Amino acid sequence: MRNRGPVGVVTRGTTGINRLRRSDRWAMHDPHITRALTHAADPLVVDLGYGAMPVTTLELAARLRRVRSDLRVVGLEIDPDRVVPGRDGVEFARGGFELAGLRPTLVRAFNVLRQYPEEAVEPAWAHLRSGLAPGGLLIDGTCDELGRRCAWVLLDEHGPRSLTLAWSPFHVERPSDVAERLPKALIHRNVPGEPIHALLRAADRAWATSAPHAAFGPRIRWKATVELLRDQGFPVSPPRRRLRDCVLTVPWDAVAPTGAPVVPELVAV
């Protein structure tokens, strides 16, 4: 079939040094990602939509090479003016949701789908997942300008697996403050009756209940908060290492949208 060119539209392209550090740190230790990269015959990572400068792609490469030193990293941008010469063992090329014909083990698409309408999310996910190598994974995420509030969905060839929220313990007052950076699939679903709304409200209540731990620092308080959520029946994944961030990971089934229409007046964005 003839290549019709990149699929997608040009986004704003805003980026910044170390903006995606929280998701990078998580990816370095997530067992699904490390297993996929370790077992891949051709460990190719694609950073889709790296923006006006490629710094976050270079940072991703440096961090993931601690997992596997021989992995290849390619940064793709749909805007040809943003494609730069390769450096530090990282290639850059023009591409969109079709992934420039590559078959990566891991795709990261951060702050890309946020700039699309909600109804475009499922088709974009399907397009990206169809381009993955066998056993490949996709990270679709969003963060603020300084990377202090982040959220991302991990997907495999079958669909979404989990949602992770991560934020600076010193710059966020309560868990629900991260709601403004939920992925596009969920940001309009933070309303009563939706699972993501229930999770964030429960996290806020547990955070308030854990206030006596604040004297030991926000990380200790967050650890107590996670234990409370787990005791209340929320399927929160336990941390596998000492964390510098506040991180909350749950299975996608625990936050998947109900499918009910959203009342525009109640939408939290």
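Let us look at the structure shown here. Quantities reported herein were computed from a predicted structural model and do not represent experimental measurements. (Residues numbered from 1 in each chain as written. Predicted model: local features only at pLDDT ≥ 70, side-chain atom pairs only at ≥ 80, totals over all residues. Heavy atoms only, no water.)

Another point: the nonpolar core. Of all hydrophobic cores here, the largest spans 48 residues; its most connected members are Trp125, Leu163, Leu165 and Leu248. Per element, the largest residue contribution to this core is seven residues, and it comes from helix H6 (residues 195-209). Leaving out residues up to four positions away in the same chain, leucine 165 has contacts with Cys150, Ala151, Val178, Leu182, Leu200, Cys246, Val247 and Leu248. Leu71, Phe92, Leu106 and Leu137 belong to the second-largest nonpolar core, a separate cluster that totals 27 residues. (Core = buried A, V, L, I, M, F, W, Y, C linked by side-chain atoms within 4.5 Å. Buried < 20%, exposed > 50% of the residue type's maximum accessible area, 1.4 Å probe, protein only. Helix = DSSP H or I, 4+ residues; strand = E, 2+ residues; numbered from the N terminus. Contact = heavy atoms within 4.5 Å.)

Turning our eyes to something else, we now look at helix H2 (residues 31-39). Taken together, the buried positions of H2 are occupied by Ile33, Thr34, Ala36 and Leu37. The buried residues of H2 all sit within an arc of 160 degrees when viewed along its axis, so they share a single face. On its buried face, H2 is in contact with helix H1 (21-29), strand S1 (44-48), helix H3 (55-64), strand S4 (106-110), strand S5 (137-143) and strand S6 (149-156). Capping the start of H2, aspartate 30 holds a side-chain oxygen 3.1 Å from the backbone nitrogen of histidine 32, two or three residues further along. (Arc of directions from axis to C-beta. Polar contact = N/O pair within 3.5 Å; in protein donor to acceptor, adjacent residues only side chain to side chain.)

A few words now on the packing of H1 against H2. Between H1 and H2, whose axes approach to 5 Å, the crossing angle comes to 65 degrees. Where H1 abuts H2, its residues Trp26, Ala27, Met28 and His29 lie against Pro31, Ile33 and Thr34. For the contact of H1 with H2, the per-class residue count stands at five nonpolar, two polar and no charged. (Axes fitted to C-alpha atoms, helices over the stretch in contact; angles between N-to-C directions. Nonpolar A, V, L, I, M, F, W, Y, C, P; charged D, E, K, R; others polar.)

Time to look at the pattern of salt bridges. A full pass over the atoms with the stated rule returns 18 salt bridges. Measuring nitrogen to oxygen at the nearest pair gives 3.1 Å for the salt bridge that ties arginine 161 to aspartate 156. The exposure class of arginine 161 is partly exposed, given its relative accessible area of 33%. The class of aspartate 156 is buried, set by a relative accessible area of 10%. With a closest N to O distance of 3.6 Å, arginine 174 and aspartate 177 form a salt bridge. For arginine 174, a relative accessible area of 40% gives the class partly exposed. (Salt bridge = Lys/Arg side-chain N within 4 Å of Asp/Glu carboxyl O.)

Turning our eyes to something else, we now look at the packing of aromatic side chains. The tally for this structure, following the rule as stated, stands at seven aromatic pairs. Aromatic pair tryptophan 125 and tryptophan 252: ring centres 5.9 Å apart, planes at 75 degrees, arrangement edge-to-face. Placement of tryptophan 125 in helix H4 (residues 121-130) and of tryptophan 252 in the segment after strand S8 (246-251) is noted, with a sequence separation of 127 residues between them. For tryptophan 252, a relative accessible area of 9% corresponds to the buried category. (Phe/Tyr/Trp six-rings, centres within 6.5 Å; stacked < 30°, edge-to-face > 60°.)

Our focus in this paragraph is the sheet that holds S4. The eight strands are arranged S3-S2-S1-S4-S5-S6-S7-S8 in an open sheet whose pairing can be described as mixed. Taken across any chain shown, the strands that pair with only one partner, and hence form the sheet edges, are strand S3 (90-94) and S8. With direction set aside, neighbouring strand axes in the sheet form an average angle of 20 degrees. As paired elements, strand S7 (residues 159-167) and S8 share six bridges and run antiparallel to each other. (Pairing = 2+ DSSP bridges.)

Worth remembering: the numbers are spatial, not functional.
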